[in-house]
Structure formats: C-alpha cells, structure tokens
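In case you want the letters, here they are:
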Amino acid sequence: MSTAAVAPPTISSTRRWAMLGASTLAQACAAIMMHGPAFLIPVLHQRLGLSLAQAGLVAAAPTVGVMVALVAWGAVTDAYGERIVLITGLAGTAVLGLGAVLAGDLVLFAVLIGLAGASAASANSASGRVVVGWFPPERRGLAMGIRQMAQPAGVGIAAISIAVVAQHRGIHAAIAVPTVAAAVAAVVVALVVIDPPRPTRPAGTSRSHGNPYRGDGYLARIHGVSVLLVVPQFVVWTFALVWLVQDRDWSAAAAGAVVAVAQIFGALGRIAAGQLSDVVGSRMRPLRWVAVAAAAVMLLLGVTAGTGWWVAVPLMVVATMLTVADNGLAFTAVAERAGPFWSGRALGIQNTAQFLTSSLVPPLGGLAVAAAGFSWAFALAALFPILAAPLVPVAGERELA
C-alpha cells in the first residue's frame, strides 16, 4: 500500500519544508538524549571508577529505553497521529531529563535517563511519518535524508557539549543539554507540525488489515540488514572519543570537536544517499553500495588505529559518515512498503531491532576493547556489513510510487 496518493497538495511548499525542519529538529533533540550519554563514558570510567563495560552499561540505558518503547509509540502514531505523539514524547523527555539532573544516586540517574530515552523514542516513528506523509516519492529520499541527518547532528551536538560539560561540571549537569533541547523541540512541533492525511480505512477492517509482513520477506530482510549495519555505526559512535582520549592522548574538548565534525559529515552522507536513491529510483541498490563501502573503511580503520598513523583519524571520520548512510535508505523503504496504516509499527519494529543491537554494543564493545584493543574492535566490526551486503533485498524492491 503506497503513501504517495494520500498526500494531496493541500499545504504550501513552504509549510511542507517547515514541517520537515520541525521533524528534523525533533529527531535531533531526541538523539541528544538517546546517544549523548555515550560521551559520559570518559568521566564515568576515569573519575567515577567504573570499568569500561560498566560505563558502557550506564551509557546504554537510554538505548534500552528506546528499544522497549519504539513499537508502542509506532502503534500510537498509527492510531492517533504524529503531532500528539511528538509533543507528548518530547515533553516527557524533558521532564525525565530534569529528574536525572537532580538525581543524586547513579542507579537512579541511569534509570531516569533510560526512561527519558523511552520517551524520546516517540520521535523516531512519528517524525519519519510526517516526512513520508507529506513528500512525494521522487522527493522523499532527499527529504528523508535531511530528516535522517538529525541523528548524527544530534550526536555531534552531544559530542561537543556533553563531553565538555561532564568533564567540567559532572554527569548530572551534562544531562541538562538534552533536557533543554527536548523542551525546545516540543514547542516547535506544537507550532509547526500538522498530521499528514491518510486514506479512510475500509469499513469493517481491523488495525491488522493490510499487514505488509504477509506474503514476502522484504521488510524482514531490511530489518536484518539494518541490524547488521548498526554494529559498526555504534562501535565508532561509542568508542571514537574514548580512543582519541586514551590511545591518542587528546583532550576531551579536541576529541569531542573531531567527533562532532565527523557527525556533520555523517549528516551530509545521509542526504547524499537519499538524493542518490531518488536519482537511481531505488533504495536498495544504494543500500548495498553503502554496506560494501562501510566494510572496507572499517577494516582500514582497524588496521591503522593501532599503528599511530595519522590517517587513522581521517578514516574514523569517513567511517562515521559511511556507517550512518544506510539508515535513511532503509527507513524510507520500510515506510514506503508498509503504507499509511502500518508505517508507524513497521518503523517501530525497524528501530527496535536496531536499538536492541546498539544497546549491546557499548558493554560488549567495552569488553572487546579491554581484551584486544581499539584496533581489533574496529576491525571486527567490519564483519557485520560484509554479512549484510548479500542480504539486501534488491530483487524484491518495487518501482517507487
């Protein structure tokens, strides 16, 4: 079932792009809460005495919260619309973030940022549906690429702010950054976003009508590919800053600045991948190209990270760009195949699978780094895109419509 036919030109082009901007802001601010705690790891490890695996577990708390809540938020989005989900979720993120700022106990702190991550998960399905619902297919890849740049942009903001604030003011003060961001995004969404139109559900049908998972494994294969490709993404995101600080003796500010620049390139890479998919008329062929390129660059990063060669840092930047370029392609393809009555749940399943995997990367990656070093951890991450490339369902893709 296609979503293209359900978006008649009832709004101006300016309003459509403004809603894209608001959706992108919502996702970026949610991403600061979801992924920002990864940049607390140096302080948790060096100042508070946690092992890398323990610090990674605290940092993964919001990711676990997101994983638990995504499908539920998707179902609510399918039932009640995108605007109310975004406003409610972002406001809840701000309230829970404030609780974490005031929490004195580390366990309570971890629980609250985990719940804040669960609330921030509202942005994943709902903001994506706003874009898919308001943009035609020939512009949807570019638009979703812009929206998907929100995640690396949010991580970049977190890298350059949370790491520095945590080092100078502590981990509680650092969580004020995503707390304020979520509050601002909730206000912007309330002022700008309109729910995209949907066709009328056929009379007498249930919410399971038109289940896109019946009949073929196209969506399941995309979910599987995305799970594999998220591993190198989160290995780089989680450990690039720690690698620069510990192995290269960089300051937290300098390392955070480089990671932020890398995230900017990652955001641009998502836009480029989305535009490419519009040009070639396919989401899956560019997805396979990205998987092959990500495998190659992670291997090169693994080889050079342990040598002290200067080229390792530029390779880290390239790896950051390539390992996130697949997300917009997969996200758009899932929403297009799922249709207007299932896209919220399908996107929730897509992101749940990714976040389930990504929640395991910080603690398991910490163990790998402790046992074998950063270079081996980076090189081992290349195995996952190697496995993903042949699984991309190129043959099952339909003409964009």
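Whatever comes next refers back to the structure up there.
(A) A look at the overall build of the chain. In terms of regular secondary structure, the chain is built from 19 helices and zero strands. Taking 21 Å as the expected radius of gyration for a compact globule of 401 residues, we find that the chain reaches 20 Å, a close match to that expectation. C-alpha extents for the chain along the principal axes are approximately 60 × 45 × 35 Å. By the burial criterion, 60% of the 401 residues in the chain qualify as buried. Sequence-distant contacts in the chain: of pairs separated by 6 or more residues, those separated by 24 or more amount to 85%. Accessible area of the chain: about 14400 Å², with a carbon and sulfur share of 71%. Charge centroids of the chain, computed over 22 positive and 13 negative side chains, lie 5 Å from each other.

(B) Structural context of empty space enclosed by the protein. Across all of its chains, the model carries three cavities of 30 Å³ or more by this definition. Empty space within the largest cavity amounts to approximately 170 Å³. If you trace the largest cavity, you find 17 residues lining it, with N124, Q151, N327, N351 and Q354 closest to the centre. Of all the elements in the fold, those that place two or more residues in the lining of the largest cavity are α8 (137-148), α12 (218-246), α16 (325-338) and α17 (343-372). Of the residues that constitute the lining of the largest cavity, the class distribution is five nonpolar, eleven polar and one charged. Taken as a whole, the second largest cavity encloses approximately 100 Å³ of empty space. Around the second largest cavity sit M34, H35, A38, F39, A59, A60, T63, V155, F234, W237, T238 and P362, which together line it. Every element with two or more residues in the lining of the second largest cavity is listed here: α1 (13-35) and α12. A per-element tally of the lining of the second largest cavity places α12 first, with three residues. When its residues are assigned to classes, the lining of the second largest cavity shows nine nonpolar, three polar and no charged.

(C) Representation of the side chain of R270 in the model. If you trace the backbone, R270 turns up in helix α13 (residues 252-280). Of the side chains bearing the opposite charge, D326 lies closest to the buried R270, which forms no salt bridge; the N-O distance is 6.7 Å. Filtering out sequence-adjacent residues up to four positions away, R270 remains in contact with G145, Q148, M149, Q151, P152, Q233, W237, V324, A325 and N327.

(D) Seen up close, helix α15 (residues 312-322). With eight of eleven residues buried, α15 lies mostly within the body of the structure. Every buried residue of α15 is listed here: A312, V313, L315, M316, V317, A319, T320 and L322. Buried residues along α15 sit in contact with α12, α13, α14 (284-305) and α16.

(E) Structural view of the environment of M321. Mapped onto the elements of the fold, M321 is located in helix α15. If we ignore the near neighbours within four places in the chain, the residues touching M321 are F265, G266 and G269.

Conventions adopted
Residues numbered from 1 in each chain as written. Predicted model: local features only at pLDDT ≥ 70, side-chain atom pairs only at ≥ 80, totals over all residues. Heavy atoms only, no water. Helix = DSSP H or I, 4+ residues; strand = E, 2+ residues; numbered from the N terminus. Rg over C-alpha atoms; globule rule 2.2 N^0.38 Å. Buried < 20%, exposed > 50% of the residue type's maximum accessible area, 1.4 Å probe, protein only. Contact = heavy atoms within 4.5 Å. Areas by Shrake-Rupley, 256 points an atom, 1.4 Å probe, with all protein chains shown as cover. Lys, Arg positive; Asp, Glu negative; His and termini not counted. Charge placed at Lys NZ, Arg CZ, Asp CG, Glu CD. 1 Å grid on protein atoms, 1.4 Å probe; cavity = no way out; pocket = protein on both sides within 12 Å on 5 of 7 lines; lining within 4 Å. Points joined across faces, edges and corners; volume = space filled by probe spheres on them. Nonpolar A, V, L, I, M, F, W, Y, C, P; charged D, E, K, R; others polar. Salt bridge = Lys/Arg side-chain N within 4 Å of Asp/Glu carboxyl O.

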